[in-house]
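Structure assessment
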Amino acid sequence: MMHIDYKRRQFLQYATLGTIAASLPGLAWAESPTVNATPNEAFKADVEIALTAQTADVPILSGAHTHVFKYYGKLIKGPQTTLKELPGYLGPILNFQQGQKVRIIFYNQLPEPCITHWHGMHMPQVMDGHPMYEIRRGERYVYEFEVKNPAGTNWYHSHTHELTAPQVYQGLAGLITISDEAEQKLDLPNGEYDMPLVIQDRSFTNGNQLRYVLNMHQRMRGFLGDTILVNGQENSIFPVKTKAYRLRILNGSNSRIYKLGWDDGTPMIAIGTDGGLLAKPETFPYIMLAPAERVELWVDFSGRKLGSDLTLQSLSYQGAGHMGGGMGRGGMGMMGGGSGQDGVLTIARFRITEQVSDSPKLPVELVPMHRLTHQDISNPGRTVPIAIGMRHMAFQLNGRTFEMQDYMENEKIPLNTVQKIKIFHEGGMMGRGMRGGRGGMGMMMSLPHPIHLHGQQFQILARTQASPSREYDSVKDGFINSGWKDTVLVMPGEEVEIIKPFKDYAGLFLYHCHNLEHEDMGMMRNFYVS
Ligand code: C2O
Ligand code: CU
Ligand code: CU
């Protein structure tokens, strides 16, 4: 069913094996099944979980079950609330507390290699799920880490070399929540009033099986499905009470970008981003949510009529619209259709089914947040570049395609520093400037890319758009630039400056486009922190 080029993978693996592994002892390939296969007795775990990736047949649509890849969890040690199962194909929600020591024994029972990454979490290289650690069927990988992140919403997913997109697509993902003391003091809505919302787009065959086809267009732009799933189910209607809720929203899609809004125009109130809670709640007309990004919303259903609905939608917006029409004549006309969204998509309905008398009040302040500024940068003379570019019909970063353990001089980061990083489109503001210009390249460059950095969360210093445009105007009020982030959407013609600490852990840490089709085509690199 899936179209996967194993030969190419193997060739790449063996080609790299001799040259680089030898020069980096300790970073041995997962080809040796001994890497982290046994628990470290000295690590006293508060929480221990067996997590197995396997094939399964689960109900997603009405009728026939769907064949998927799925994470199954079993709690071996720790609070009963640690694992929460969801119906459908997503893995269990992992509920952690800051400071917990966690051991996860990951078993691969899939008919292909796999490795799991804890997206958003700060941990050592060998625990981070770098694709070099992939294990084969029947093998296991032992993760042991302390939860360092503050309260917030993270997630886990497969990070297998050149197979991340199809594996996540088939179900290998799950949510992680972290709580801490500062959050507990806030008395935010909890229990049934704390709702996860994992948004994904999928396509199905008539027999209810997942369809994942990459033609040239899909390969360049990323896969887009025609069915919206929330928490692995379609047509979601959530019964709610007339009270405030905390919604933890993850865009778990391969490449679809959502412009989230309420159908009746109610403003969106954000209380958290990728890396945790904001300093104070912020209000937006709509919120852009790119793949891998999270947003936590406060929504208060008080005062709404029994039986009425409030609907979460993805509103229409314009992508790089000029990728369409005019390109039809050239060979790259297949890129047409732009990267925006025509019309409105329904994501989930919240139906008022019960009236209750009181509701918590939205806090004025949430958690203290140290705003990083230029003063915090360790070596003010240096800006670490992340240049988005394209060669040979593939997107690249800093002029290179991913190679397992490769890094360049400008990808070396001194340990325990804070760096300024500039993410930009190679060739200046080419994305915009080449409108109708020299042909296909500029057009293809004009895609939005959600750029994700492993390791510690960063902050956004500045966003600069080359020139005003209708496309940018249709999205620009939906960016949350104040919170901790691990993924930032970089629009065509846009430059984003971020500031990021690289503390505690030395080694190779990935940065990549979280459009998973782009990632699998090699739009990924390593930072070497030492
Ligand atoms: Cu969500 Cu490198 O990963
Ligand atoms: Cu990550
Ligand atoms: Cu991309």
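Residues numbered from 1 in each chain as written. Chains lettered and ligands numbered in written order. Predicted model: local features only at pLDDT ≥ 70, side-chain atom pairs only at ≥ 80, totals over all residues. Heavy atoms only, no water.

Once that is clear, we can look at the overall build of the chain. A tally of helices and strands in the chain yields 8 helices and 31 strands. Considering only intrachain contacts with a sequence separation of at least 6, the fraction spanning at least 24 residues in the chain is 80%. About 19800 Å² of surface is accessible on the chain, with carbon and sulfur atoms providing 52% of the total. (Helix = DSSP H or I, 4+ residues; strand = E, 2+ residues; numbered from the N terminus. Contact = heavy atoms within 4.5 Å. Areas by Shrake-Rupley, 256 points an atom, 1.4 Å probe, with all protein chains shown as cover.)

Across the 7 residues that make up strand β8 (residues 152–158), a large majority, 7, are buried. Relative to β8, strand β6 (residues 116–119) runs antiparallel, the two being bridged by 4 bridges. The residue bridging H117 from the neighbouring strand is H157, located in β8. Here β8 pairs with strand β9 (residues 173–179) via 6 bridges, running antiparallel. Paired with Y156 across the bridge in β9 is G174. (Buried < 20%, exposed > 50% of the residue type's maximum accessible area, 1.4 Å probe, protein only. Pairing = 2+ DSSP bridges.)

Taken together, H117 (NE2) and H452 (NE2) make up the protein donors of the copper ion (ligand 2), found 1.9 Å from the metal. Taken as a pair, H117 in strand β6 and H452 in strand β26 (residues 449–453) lie far apart in primary sequence, 335 residues in all. (Donors = N, O, S within 2.8 Å, 3.2 Å for Na, K, Ca; no water.)

This prediction gives the chain a mean pLDDT of 89; 87% of its residues lie at or above 70. Considering only residues more than four positions removed or in separate chains, one finds that residues 10–31, a stretch of pLDDT under 50, has 32 contacts. The low-confidence segment residues 429–443 (pLDDT under 50) makes 30 contacts with residues lying over four places distant or belonging to another chain. (pLDDT = per-residue confidence, 0-100.)

Coordination of the copper ion (ligand 3) by the protein is provided by H449 (ND1), C513 (SG) and H518 (ND1), with metal-donor distances spanning 2.0 to 2.1 Å. With a relative accessible area of 0%, H449 lands in the buried category. Accessibility expressed as a relative area gives 0% for C513, which makes it buried.

This brings us to the pairing of strand β16 (residues 268–273). With 5 of 6 residues buried, β16 lies mostly within the body of the structure. Note: β16 against strand β17 (residues 276–284), 5 bridges, orientation antiparallel. Its bridge partner being in β17, T273 is matched across the sheet by G276. The turn joining β16 and β17, which pair antiparallel and follow one another in sequence, is formed by 2 residues. In terms of strand pairing, β16 meets strand β19 (residues 294–300) through 3 bridges, oriented antiparallel. Within β19, the residue paired with I269 across the bridge is W298.

So, about the sheet that holds strand β18 (residues 287–289). Spatially, 5 strands are ordered β13-β21-β20-β15-β18 in an open sheet, and the strand pairing comes out mixed. Of all the strands in the sheet, the pair left with one neighbour each is β13 (236–241) and β18. Neighbouring strand axes in the sheet, compared pairwise and without regard to direction, differ in orientation by 25° on average. For strand β20 (residues 309–314) and strand β21 (residues 345–354), the ladder comprises 6 bridges, and the chain directions are antiparallel. Opposite Q313, over in β21, you have T346 as the bridge partner. (Axes fitted to C-alpha atoms, helices over the stretch in contact; angles between N-to-C directions.)

Turning our eyes to something else, we now look at the pattern of salt bridges. Considering all chains together, one arrives at 24 salt bridges under this definition. Between E494 and R463 there is a salt bridge; the shortest N-O distance is 3.1 Å. You can see E494 sitting in strand β29 (residues 494–502) and its partner R463 sitting in strand β27 (residues 459–465), a full 31 residues away along the chain. Taking relative accessible area as the criterion, E494 reaches 0% and is therefore assigned buried. Here the residues in one salt-bridge network are E183, D194, R246, R248 and E296, joined through shared partners. (Salt bridge = Lys/Arg side-chain N within 4 Å of Asp/Glu carboxyl O.)

L247, I249, L260 and F350 are the most contacted members of the largest nonpolar core, which totals 39 residues. Every residue in contact with I249, bar those within four places of it in the chain, is listed here: L197, I199, L260, L289, E293, R294, V295, L297 and L312. The next biggest cluster of nonpolar side chains, apart from the first, holds 36 residues, and it includes V35, L172, I176 and M524. (Core = buried A, V, L, I, M, F, W, Y, C linked by side-chain atoms within 4.5 Å.)

Below, the discussion takes up the packing of aromatic side chains. Scanning the entire structure with this criterion turns up 20 aromatic pairs. Judged by centre distance (5.8 Å) and plane angle (50°), the rings of Y133 and Y141 are tilted. Of the residues examined, Y133 reaches a relative accessible area of 1% and is grouped as buried. Taking the centre distance of 6.3 Å and the plane angle of 35° together, the rings of Y472 and F479 count as tilted. Pairwise contacts between aromatic rings join Y71, F96, F106, W118, Y133, Y141, Y143, F145 and Y156 into one cluster. When the ring centre of F424 is taken as reference, the NZ or CZ atom of K422 above it lies at 5.6 Å. The ring centre of F502 lies 4.4 Å from the NZ or CZ of K500, which sits over that ring. (Phe/Tyr/Trp six-rings, centres within 6.5 Å; stacked < 30°, edge-to-face > 60°. Lys NZ or Arg CZ within 6 Å of the ring centre and 35° of its normal.)

A sheet is described by the order of its strands in space; here 7 strands give the open sequence β12-β11-β10-β14-β19-β16-β17, paired in mixed fashion. The sheet terminates laterally at β12 (233–234) and β17, the two strands that pair on one side only. The sheet contact formed by strand β10 (residues 194–202) and strand β14 (residues 244–251) spans 6 bridges and is parallel. Counted as the bridge partner of V198 is L250 from β14.

Before going further, it helps to examine unusual backbone geometry. Backbone geometry places N208, a non-glycine residue, at a positive phi of 70°. If you trace the backbone, N208 turns up in the loop between β10 and α4 (216–221).

Structurally, V299 can be placed in strand β19. Sequence separation of V299 and A244 is 55 residues, and the distance between their C-alpha atoms is 5.5 Å. Sequence-distant contacts of V299, defined by excluding residues within four places in its chain, comprise K243, A244, Y245, L247, W262 and L310.

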